[in-house]
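Tertiary structure, described
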Amino acid sequence: MIREWNEESLDHRNTLLYAMGISEEDAQRPIIGLVNTWNEMNPGHFPFDKALIAEMKEEIYKEGGLALELPITGICDGICSNTPGDRYTLPTRDLVSSEVETVAELNMLEGMIIMATCDKVVPGMLMGAVRVNIPTVMFTGGYMAAGHRSDGRMITLTHTKQAYAAYVEGSITREEYKDVVRNACPTPGACPFMGTANTMCAMAEVLGFTPHDNASCRSQTPKWHELARQAARQVMHAWREEIRPRDILSQSSFENVVRYMMATGGSTNSMLHIPALARQAHFDITPETFDAISREVPVLSTIYPNHPTYTMEDFEAAGGLGAVIKELAAAGKVDTEAKGMFGTLGEKAARACNKNPDVIHPVSDPIHEQGGLAVLHGNIGTDSAIVKFSAVDPAAWKFSGPAKCYDSQDDAWHAILKDEIVAGDVVIIRYEGPKGSPGMPHMETFMAAVLGKGLGTQIALVSDGRFSGATGGLAIGHVAPEAYEGGNLALIRNGDMVYIDIENRTLTVDVSDEDLAARKAAWKPVIKPATGWLQLYRRQCTSAHRGATVYWDQE
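Residues numbered from 1 in each chain as written. Predicted model: local features only at pLDDT ≥ 70, side-chain atom pairs only at ≥ 80, totals over all residues. Heavy atoms only, no water.

1. Comments concerning the packing of helix H4 (residues 121–132) against helix H11 (residues 270–280)
Between H4 and H11, the least distance of the axes is 8 Å, while the angle of their chain directions is 10°. The orientation of H4 with respect to H11, classified from their angle, is roughly parallel. Across the interface between the two elements, Pro 123, Leu 126, Met 127, Val 130 and Arg 131 of H4 pack against His 273, Ala 276, Leu 277 and Gln 280 of H11. Tallied by class, residues from the contact of H4 with H11 come to 6 nonpolar, 2 polar and 1 charged. (Axes fitted to C-alpha atoms, helices over the stretch in contact; angles between N-to-C directions. Helix = DSSP H or I, 4+ residues; strand = E, 2+ residues; numbered from the N terminus. Parallel < 35°, antiparallel > 145°, perpendicular 65-115°, else oblique. Contact = heavy atoms within 4.5 Å. Nonpolar A, V, L, I, M, F, W, Y, C, P; charged D, E, K, R; others polar.)

Now the structure itself:
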C-alpha cells in the first residue's frame, strides 16, 4: 500500500464506504481516485462522462483496484472570453492544483487518474499531482472536429471573434457572421487548433503522464476509448511498482516539452504553465530557457493559427505528436532517455511514423529555422515579453509606430471597432497582468478584431496580459514587470515611438531613462477592484516572468 493506515482510521473510513454500497471485500482494494473535471459548461471536458468512467472502473477492478470518482473544477476559457469572468481563468490553474492535492491527501488515495483537456486545468491537475506524488496517470479528452461554414471553408472557435469584427465593419453580413457562430464547434473536445488546450495536452504526453497518441487523438473515437482503458491499466501498474510522478520527471523532461512547443508553435501560455509545473517538481524552467531552446529547435509543424487551413485532424493524420518527437529525436533535439509512465520518449519516437512531411517537416527542411516562440527584452519588459512569432507574418517581424495606450482590453476593443486605431499604431493594453487585472485575462478579443479587419501585419499589440493559443498577428504579451507593479509599460504615453524587432529579440520605447524616471516619480497605479479569490491571488502571485502562480516559492 502507498498509504499507511492504523486499524481504527481505516475502519472508520470503511464504515462510510459501506454506507454507499461498497462491500467489505472491495473496501480492502487500493482506492484509485478518478479525479474528474466533467461538467456541462465545457465541451473539452464533456467527453469524461459516466460511460467513460465505467470503462475505467472496469479495467481498474480487473487489475485489483477500486476506482472511485471525485469531481473537481473544469473551466473553459472560451465560455468567459471578453467578460469579467476571464480574470478567473489563470488563477483557476492554481485553484485546481489545490483541489487535486486536497482530494488526494484528504481521501488518502493510493493512486489517481486525473482527467482534463483545457487550458488551465491540465497544468493545474499536474501541479497538484506532482505535489501529492502518488502513482498518477493522466487522460486528456481529445480534440473536437473542425467546423466548416456553409460554403465549406474551415472554421474554429476563434473565427467567431474575427467574424464579429468583420460584421461590425460591414465586410460580411449578419447572417454570414451567425453562420460562423453556428458551425464553428461541431463536436465535443478541445478546439482543434494549436491553442493552449492542445499545447497542454501535448505537455502531459511529452512528460509521460498520458498514453501514446492521447494528445493528438480525436475525442470520443474508438481509439480514444481504448486509450482510456490503457490509462486505467497503467495506473494499476504504477501502483504495484510504486512509480510516482517525481520518479519519472527530470530537468530534461521539461526541456523536452519546451523543445516540442518550439517545434509546433505552441501556445504562449506554455511560458506560464511549464515553469509553474516544473517548480512543483523542484526544477527550473524560465523564459530564458525558452529563448535558448528557441534558437536551436526549428518549427516543424504549423496548424491553425500558424497555418491557414491545417487543424488537429491534419496533424493526427500525419502522425501527430509522436511523429514530431520522431523527427526531433532523429536530429538529436530531444532527450530520448527521459522517462514516463508509459515508457521513455525514445520508445514513443520508435513507434511513430511521419505520414505527411508537408504537415510535419523533418529538421532538415524546417518551416522556420528557429522555434515558434521568442522572448523579447528592452526598456519595455525589462524582465521579459513574449511573442508567438510562428503566428506572425514575417513582414511584421520588424515593426515600429506611435503608441496608443489603453488601461483595459475593453477600451481598446471598442476603439478599434470604432476605427480609432489605425494601421501603423502600436497599441498598449496595460493593467491586465497577473496583479493588475487581477488574473491576467486573454487579449484575444482585441487581436481577433485586428485580424477580422485585415490588419494583422499593420497593427501591433504590446500588453502585460496574455493570449489565447489561437491568437494570430503581431501580439506581444506577458510584459514583465507589469504596469501594476510599476514596469515601464505603465509609463508609456500616446505618441511615444515603440520599436519591435523579433529576430533581434528587442522591444523598446524611444524615451530616455531620465524621462522614464521622471514619469515614474509622478506615477500612480490603476487599481482595479477585486474580492475573494482574485484578491488573494493578486496578493500572492508571482509575475508572468515566473509563472504567475501562488505556488512559486518552495520550502
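That shown, we press on.
2. Here's the deal with the packing of helix H10 (residues 251–264) against helix H12 (residues 287–294)
The N-to-C vectors of H10 and H12 enclose an angle of 55°; their axes lie 10 Å apart at closest approach. Classified by the angle between their axes, H10 and H12 sit oblique to one another. Between H10 and H12 lies a crossing of right-handed hand. Across the interface between the two elements, Glu 255, Val 258, Arg 259 and Met 262 of H10 pack against Thr 289, Phe 290, Ile 293 and Ser 294 of H12. Classifying every residue of the contact of H10 with H12 by side-chain character gives 4 nonpolar, 2 polar and 2 charged. (Left-handed = near helix turned anticlockwise from the far one by under 90°.)

3. Some points on unusual backbone geometry
For the bond from Ser 437 to Pro 438, the omega torsion is -15°, close enough to zero to count as cis. In this structure, Pro 438 sits in the loop between strand S10 (426–429) and helix H17 (444–452). Not every positive phi belongs to a glycine, and Asp 213 is a case in point at roughly 80°. By the element assignment, Asp 213 lies in the loop between helix H7 (196–206) and helix H8 (222–241). On the basis of relative accessibility, which here comes to 22%, the residue Asp 213 falls in the partly exposed class. One non-glycine residue with positive phi stands out, namely Asp 419, at about 65°. By the element assignment, Asp 419 lies in the loop between helix H16 (409–417) and S10. (Buried < 20%, exposed > 50% of the residue type's maximum accessible area, 1.4 Å probe, protein only.)

4. Here we look at the packing of aromatic side chains
Enumeration according to the criterion identifies 11 aromatic pairs in this entry. For the ring pair Tyr 164 and Tyr 177, a centre distance of 5.5 Å and an interplane angle of 65° mean the geometry is edge-to-face. Here Tyr 164, found in helix H5 (residues 157–169), pairs with Tyr 177, found in helix H6 (residues 174–183); they are 13 residues apart in sequence, far enough to count as distant. Taking relative accessible area as the criterion, Tyr 164 reaches 31% and is therefore assigned partly exposed. Residue classification places Tyr 177 among the buried positions, given a relative accessible area of 13%. Grouped by ring-pair contacts, the aromatic residues Tyr 164, Tyr 167, Tyr 177 and Trp 413 constitute a single cluster. Against the face of Trp 5 rests Arg 13, its NZ or CZ located 4.9 Å from the ring centre. (Phe/Tyr/Trp six-rings, centres within 6.5 Å; stacked < 30°, edge-to-face > 60°. Lys NZ or Arg CZ within 6 Å of the ring centre and 35° of its normal.)

5. Focus on the nonpolar core
Membership of the largest hydrophobic core comes to 101 residues, with the highest contact counts inside it found for Met 125 and Phe 139. Counting residues per element, this core draws most heavily on H8, which supplies 9 residues. Counting residues in each nonpolar core, the second largest holds 29 residues, with Phe 399, Ala 403, Val 426 and Leu 516 among its members. (Core = buried A, V, L, I, M, F, W, Y, C linked by side-chain atoms within 4.5 Å.)

6. What about the pairing of strand S9 (residues 398–406)?
For S9 and strand S13 (residues 497–501), the ladder comprises 5 bridges, and the chain directions are antiparallel. Opposite Gly 401, over in S13, you have Val 498 as the bridge partner. (Pairing = 2+ DSSP bridges.)

7. Side note on the sheet that holds strand S1 (residues 31–36)
As summarised here, the arrangement of the 4 strands in space is S2-S1-S3-S4, forming an open sheet in which the pairing is parallel. Two strands in the sheet have a free side with no partner beyond their single neighbour: strand S2 (66–71) and strand S4 (136–139). For this sheet, the mean angle separating the axes of adjacent strands, direction not counted, is 20°. Of the pairings in the sheet, the one linking S1 to strand S3 (residues 111–115) comprises 5 bridges and is parallel in character. What sits directly across from Leu 34, in S3, is Ile 113.

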